[in-house]
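Single-letter residue listing:
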Amino acid sequence: MRFSGLAVAAAGLHLSVVAAQDGSQKPLDSNYGPSPKPEGTSGKQPNIIFILTDDQDLHLDSLDYTPLIKKHLIDQGTLYRRHYCTTAVCCPARVSLWTGRLAHNTNVTDVNPPYGGYPKFVSQGLNSNYLPIWLQEAGYNTYYTGKLFNAHTIFNYHLPYAAGWNGSDFLLDPFTYSYLGSRFQRNKEWPRSYKGQHSVDVLAEKAYGFLDDAVKDDRPFFIGIAPVAPHSNVEIASLDGDFDNIEDLVHFTPPIPAARHAHLFPDVKVPRTPHFNPDEPSGANWVRRLKKQSQENVDYNDHFYRQRLRTLQSVDELVDGLFERLGAKGLLENTFIIYTTDNGYHIGQHRLQPGKECGFEEDINIPLIIRGPGVAPGKIAEIVTTHVDLAPTILNLAGAPARADFDGEAIPLREKEIAAAATTRHEHVTVEYWGFAASEGKLFGKDEKRLILNNTYKALRIIGEDYNFYYSVWCTNDHELYDLKTDPYQLHNLLHSDEEAKVPATFLGVSFDKVVSRLDALLFVLKSCKAQTCVRPWHALHPAGNVLNLRDALSERFDYFYGTQQKKVSYDRCELGYIIDSEGPQFETDGLVYRHGARWDEWA
Ligand SMILES: *[C@@H]1O[C@H](CO)[C@@H](O)[C@H](O)[C@H]1NC(C)=O
Ligand SMILES: *[C@@H]1O[C@H](CO)[C@@H](O)[C@H](O)[C@H]1NC(C)=O
Ligand SMILES: *[C@@H]1O[C@H](CO)[C@@H](O)[C@H](O)[C@H]1NC(C)=O
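Residues numbered from 1 in each chain as written. Chains lettered and ligands numbered in written order. Predicted model: local features only at pLDDT ≥ 70, side-chain atom pairs only at ≥ 80, totals over all residues. Heavy atoms only, no water.

Two elements in contact, helix H7 (residues 199–214) and helix H10 (residues 295–328), have axes separated by 10 Å at closest approach and are oriented at 15 degrees. Between H7 and H10, the angle is such that the two are roughly parallel. Handedness of the crossing formed by H7 with H10: right-handed. Side by side, H7 and H10 meet where Val200, Asp201, Leu203, Ala204, Tyr208 and Leu211 of the first sit next to Ser314, Val315, Glu317, Leu318, Gly321, Leu322, Arg325 and Leu326 of the second. (Axes fitted to C-alpha atoms, helices over the stretch in contact; angles between N-to-C directions. Helix = DSSP H or I, 4+ residues; strand = E, 2+ residues; numbered from the N terminus. Parallel < 35°, antiparallel > 145°, perpendicular 65-115°, else oblique. Left-handed = near helix turned anticlockwise from the far one by under 90°. Contact = heavy atoms within 4.5 Å.)

This is how it looks when you write it as C-alpha cells:
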C-alpha cells in the first residue's frame, strides 16, 4: 500500500464520536433557535476566542502543570470535566468540532486521504459549510492561527484556500509538527519557514496580532488559536513512500519544548495509576495482546511525558499574554474564552505506547474550560458534553440559530442552566473510529509496530446518576464493557472471557445481559444517527417518548424487544474508512422500533 508521508504523519488524531443520550423532556424540535444569552452580554454579540491544543490529556494531569491556565481559565471559568471528543484523532475531531457533526456524518474519518485530511474536508463540501462561515454570516470577523487540519500542506493550501477567515496564518504539513522547523502560511501569501524558532512562540505573536486587527473593527470577533503542543514532534524524511516502511518516512520524537522550559520537572513521571503498565493485560483486540513494557521503555515514556509538560509551558504563557492584552484592551467583559484540545492521549496505560486513537478515557475525555460573562468562576460542571456540542454552543453565543444537521446541542454556560441540565441533558457520548492506531514513542519490542491495523470500532460512553459505562464493538467483533463506577481505570473488560469471574450477578437491579442488550441497541442507533437522533437516540427506539435514558430502557417490558428482537451491532470486516457495507446491520434499514402496547410488531 502506498501512502504519502504527509498522510502518515497526520496519523495521530482520531475522533471518538460521542453520542449524546438525551434525558430531556423537551419536544423534539424545541431546541432549534438560540437559547437565552448568558448574563452580562447585554444583548451585544460577544467576542469569542477559541484555544485548541493538540493531544492534550485531562487524565494524565497536564492541567496541574499550567499555573497561568489555572489562574485565568480554571479559577475564573467553568471546567467541564465530562467533555469528550467523538473520534480520538486530530483531523476527524477537528472537522466534527468545526461542523457540529459526527465523523460518520462528515465522512472525514482519517487524517489523510482518501478518508480524511484537508482534501477530504474540501471534497465533502465542508469548506463552504462550517463554523467560520456561519459566524461571518452572523456578523463576525474571524481569524485563525495554527493547525487547521491534517494534510493541509505547502502543496494544497490554495486548492482551495480554507474559507471563512478574515485573517489566517496556518501551520502546514509536512512541517506542522516540527516544533523548530514550522512553516506558516498567512492569508493568500506563500508559506514561510520559521526554522529555529519555537512553533508555539511564533504562533503566540500571530494570535496577539490578530487580536490587534480584530479590535480595529466594530464587529464582534472570533479568533481560533491552535498551537501544536503537546503533540509529539514529527519530522518527515520523505514525502512519498511505502506504508510498510513508515520508519523510513516519518520520525516521531517526544515534543520539543522551548529552550527556557527544557529543564523543568526533572523528577516528574507519568502518574502510576493502577492501569499504568499493569501486570495483567486489559482491553480487547490488539490492546489485549500488548506485552508489559520494560523498565527502559517506561523510562523513555516518562521522558516523553515530561517533554509534553514542558511544551505546554509555552501554551501557558500564550494564555497569560492573551489575558494581559484582553485586560488592557478592556475586552474581558464581553469576550468568551473557550479552551479545549482535539483529542486526549495515553502513555503507558493498558501497556500502550504514547498515542491516542483508542476509546479509553485518557483518549476521549479531554479538557474543556469556558470563561466569559455570566460563566461561574472556579466551577466544575458534571454534565456530559462533546465536541459536536461546541459549534452549536458558539453559534448560540453569536445569537445565530442552530443548524438542522447539528449532531449535538449547545452547552449550558450559566451555573443555573448547568444545574437544570443535569436532569435533562443527554447522558451519552458517541465514540467512533476507523483505521489504524499509531505508536508515537520508541518501539522496543522486536515485533512492535508503528501502525496498528484493525483499530476500527464503535463505542459509547453513558453516564447517569447510578451508572457509568463504556461499551464498544470492534471491527473484529471483539466487545468491551467497563463499569467505571467500580472500575474507573477500565481494567476489567466484562465482555472478555478471561473476566467472567468479575461479571456481577445483577447490574442496576437486572441481569448483566439485559444491560448489555440496551447498550448495544443504543450503539446501533448512534453508529449511523443523524442530527437530533444523535442527541436523543432513545426516541428513535421508543417514538412514544416514554424512554428517555438507560434507566427507563431497562424496564422489564422491553426485555423481549431488546434481548431477542433487535439486531446486534457487528461488522463484516475491518475497513480503513466508513464503508457502509462492512459495518453490519444498519438501524435505518434493519432496526426495530418499539411500538406502544406491542412487543415489537411493526417497523414502519
Ligand atoms: C470579513 O469577511 C466578511 C466576509 O467576507 C466580510 O463581509 C467582512 O467585511 C470582513 N471584515 C472586514 C473587517 O474586512
Ligand atoms: C484484522 O481483523 C481480521 C478480522 O476482521 C483478521 O482476519 C486479521 O488477521 C486482522 N489483522 C490484523 C493485522 O490484526
Ligand atoms: C466515505 O468516503 C469514502 C472515501 O471517499 C467512500 O468510499 C465511502 O463510500 C464514503 N462513505 C459514505 C457512507 O458515504
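Attention now goes to the packing of aromatic side chains. This model, assessed by the stated rule, comprises 32 aromatic pairs. When the centroid spacing of 5.2 Å and the interplanar angle of 75 degrees are considered together, the rings of tyrosine 65 and phenylalanine 265 count as edge-to-face. Placement of tyrosine 65 in the loop between strand S3 (47–53) and helix H2 (67–74) and of phenylalanine 265 in the loop between strand S14 (250–253) and helix H9 (285–288) is noted, with a sequence separation of 200 residues between them. Aromatic side chains tyrosine 144 and phenylalanine 170 sit 5.8 Å apart centroid to centroid with 45 degrees between the ring planes, which places their arrangement in the tilted category. Of this pair, tyrosine 144 sits in strand S7 (residues 141–147) while phenylalanine 170 sits in strand S8 (residues 167–171), placing them 26 residues apart in sequence. For the residue pair tyrosine 144 and phenylalanine 170, the accessibility class agrees, reading buried in each case. Three or more aromatic residues link up through ring pairs in this structure, and these residues are Phe50, Trp98, Tyr118, Phe121, Tyr130, Tyr144, Phe149, Trp165, Phe170 and Phe222. Positioned above the aromatic ring of phenylalanine 184 is the side chain of lysine 206, whose terminal nitrogen or guanidinium carbon lies 5.0 Å from the ring centre. (Phe/Tyr/Trp six-rings, centres within 6.5 Å; stacked < 30°, edge-to-face > 60°. Buried < 20%, exposed > 50% of the residue type's maximum accessible area, 1.4 Å probe, protein only. Lys NZ or Arg CZ within 6 Å of the ring centre and 35° of its normal.)

With that out of the way, let us pick up the site of ligand 2. Lining the immediate environment of ligand 2, one finds Asn454, Thr476 and Cys574. Considered on its own, ligand 2 offers 370 Å² of accessible surface; in the complex 37% of this is hidden by protein. (Near = heavy atom within 4 Å. Areas by Shrake-Rupley, 256 points an atom, 1.4 Å probe, with all protein chains shown as cover.)

Next up on the list: empty space enclosed by the protein. As enumerated under the stated definition, the model contains 1 cavity of 30 Å³ or more in all. Considered as a void within the structure, the largest cavity measures approximately 50 Å³ in volume. What lines the largest cavity is simply Val287, Cys358, Gly359, Phe360, Tyr470, Trp474 and Glu480. (1 Å grid on protein atoms, 1.4 Å probe; cavity = no way out; pocket = protein on both sides within 12 Å on 5 of 7 lines; lining within 4 Å. Points joined across faces, edges and corners; volume = space filled by probe spheres on them.)

In total, this model carries 2 disulfides according to the counting rule given. Across a sulfur-sulfur distance of 2.1 Å, cysteine 475 and cysteine 574 are joined as a disulfide pair. A torsion of 90 degrees about the S-S bond marks the disulfide between cysteine 475 and cysteine 574 as right-handed. One end of the pair, cysteine 475, is in the loop between strand S23 (467–474) and strand S24 (479–483); the other, cysteine 574, is in the loop between helix H18 (559–565) and helix H19 (587–590), with 99 residues separating them in the sequence. With a relative accessible area of 3%, cysteine 475 lands in the buried category. What pairs with cysteine 529 in a disulfide is cysteine 534, and their sulfur atoms sit 2.2 Å apart. (Disulfide = S-S within 2.5 Å.)

UniProt marks Cys90 with the feature "modified residue: 3-oxoalanine (Cys)" (unreviewed entry), using the numbering shown here. Summarising the element assignment, cysteine 90 is placed in helix H3 (residues 90–99). (UniProt positions renumbered as here; feature names shortened; annotations may be inferred.)

For the rest of this paragraph, the subject is the sheet that holds S8. Strand order in the open sheet made by the 10 strands is S10-S9-S8-S7-S11-S3-S15-S16-S4-S17, with mixed pairing throughout. In the strand order of this sheet, the two ends are held by strand S10 (191–193) and strand S17 (379–381), each with one partner. Across this sheet, the average inter-strand angle for adjacent strands is 15 degrees, counted without regard to direction. As judged from the 7 bridges shared by S3 and strand S15 (residues 335–341), these two strands associate in the parallel manner. Considered in S15, the bridge of asparagine 47 is made with threonine 335. Along the sheet face, H2 touches strand S4 (78–80), S15 and strand S16 (368–371) and points at about 50 degrees away from the line of S16. (Pairing = 2+ DSSP bridges.)

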